[in-house]
Structure formats: structure tokens, C-alpha cells
Amino acid sequence: NTSLAASADEETLLAALVQCEAGGQGVQCMTAVGAVVVNRVRSGSYPSSIYNVIYQRGQFGPASSGRLESRLASGVSSSARQAARAALSGSDPTGGAKSFKLASSGHAGVVIGPIVFY
């Protein structure tokens, strides 16, 4: 995979989402969450910017609940930033997934930590 250009603000926003969705998991799981956003930006079926993918209505809970803004205000962890950079650089442990949910849902896909990517 090739890298996706992103501004510093977009990278921070992606890292904040990664931390909200997969903070406390390993870097691979956090990178996978970031890769889902990158895959959506590239797909043509979702908005074409990181910001618009993350804030697309009904897609990412932290974006609509206020948790994402709280994370941005309080700062992003270095591991979440590392995972966001890896995803933007083309790392995709999901194999192209555009969605994820808890693995306990039973949904088929690539399971990384407690999350299934599909």
C-alpha cells in the first residue's frame, strides 16, 4: 500500500480516533483502526478526506459522542500517534477492511485484539 498524505491536524485527528477506539490495545490493533479510515478515504465509497470520513454521520461513535473532542483537548498518546503514522504510511494489518466492531459480535473478518475488521 502507498502512503496517504495528511496534514499535521489530520494526523492528530486520526490518532485521537485510534486512541478512542482502540487505546489500551496493541499498536497493531490501533494501526488497524487507522487503516480502516485510510481505506475509506481511498475507496471512493466514502468521503475523500480523513476529517470527513471520521465525522461522517453515524460512522464512529467517539466523533458523535464528544469523546473524540475530549481526547483532542487532553492530548493524544505517543502509541496512538505511532499507529496513525503507520496507517498513513500504508500499513494495513486488516487487508483492506473498511469497517470494524467487537469480535464478540461474531462477525467474520480479521480479528486483532478484541476487534474484528471486515
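Q: Give me the lowdown on the side chain of Thr94, citing residues and values where you can.
A: As for its placement among the helices and strands, Thr94 is situated in the loop between α6 (78-88) and β1 (100-102). Side chain to side chain, Thr94 and Asp92 meet in a polar contact 2.4 Å long. Looking at Thr94, its side chain comes within polar contact range of the main-chain nitrogen of Gly96, at 3.2 Å. Discounting chain neighbours no more than four positions away, the residues touching Thr94 are Ala32, Asn39, Val110 and Phe117.

Q: Tell me what's going on with the pattern of salt bridges, and back it up with residues and numbers.
A: With the rule as written, the count across this model stands at two salt bridges. Across the pair Glu11 and Arg81 runs a salt bridge whose closest N-O atoms are separated by 3.8 Å. Here Glu11 is found in helix α1 (residues 8-22), whereas its partner Arg81 is found in helix α6, with 70 residues between them in sequence. Taking relative accessible area as the criterion, Arg81 reaches 23% and is therefore assigned partly exposed. Ionic pairing is found between Glu11 and Arg85, a salt bridge with its closest N-O pair at 3.0 Å.

Q: How would you sum up the packing of α1 against α6? Please name residues and give values.
A: Viewed as axis vectors pointing N to C, α1 and α6 meet at an angle of 115°, and their least axial separation amounts to 8 Å. Our pair here, α1 against α6, has a crossing hand that is right-handed. Residue-level contacts link Glu11, Thr12, Leu14, Ala15, Val18 and Gln19 of α1 to Ala80, Arg81, Ala83, Ala84, Arg85 and Leu88 of α6. Residue composition of the contact of α1 with α6, by class: seven nonpolar, two polar and three charged.

Q: Describe the side chain of Gln19, and please don't skip the residues or the numbers.
A: Inspection of the secondary structure puts Gln19 in helix α1. Within polar-contact distance, the side chain of Gln19 engages the backbone nitrogen of Ser77 at 2.7 Å. Discounting chain neighbours no more than four positions away, the residues touching Gln19 are Arg71, Gly75, Val76, Ser77 and Ala80.

Q: Which residues make up the packing of aromatic side chains, and what values do they have?
A: Scanning the entire structure with this criterion turns up three aromatic pairs. Here Tyr51 and Tyr55 contribute two aromatic rings whose centre-to-centre distance is 4.6 Å and whose plane-to-plane angle is 40°, an arrangement assigned as tilted. On the basis of relative accessible area, Tyr55 is assigned to the partly exposed category, the value being 26%. Cluster of aromatic residues (ring-pair linked, three or more members): Phe60, Phe100 and Phe117.

Conventions adopted
Residues numbered from 1 in each chain as written. Predicted model: local features only at pLDDT ≥ 70, side-chain atom pairs only at ≥ 80, totals over all residues. Heavy atoms only, no water. Helix = DSSP H or I, 4+ residues; strand = E, 2+ residues; numbered from the N terminus. Polar contact = N/O pair within 3.5 Å; in protein donor to acceptor, adjacent residues only side chain to side chain. Contact = heavy atoms within 4.5 Å. Salt bridge = Lys/Arg side-chain N within 4 Å of Asp/Glu carboxyl O. Buried < 20%, exposed > 50% of the residue type's maximum accessible area, 1.4 Å probe, protein only. Axes fitted to C-alpha atoms, helices over the stretch in contact; angles between N-to-C directions. Left-handed = near helix turned anticlockwise from the far one by under 90°. Nonpolar A, V, L, I, M, F, W, Y, C, P; charged D, E, K, R; others polar. Phe/Tyr/Trp six-rings, centres within 6.5 Å; stacked < 30°, edge-to-face > 60°.

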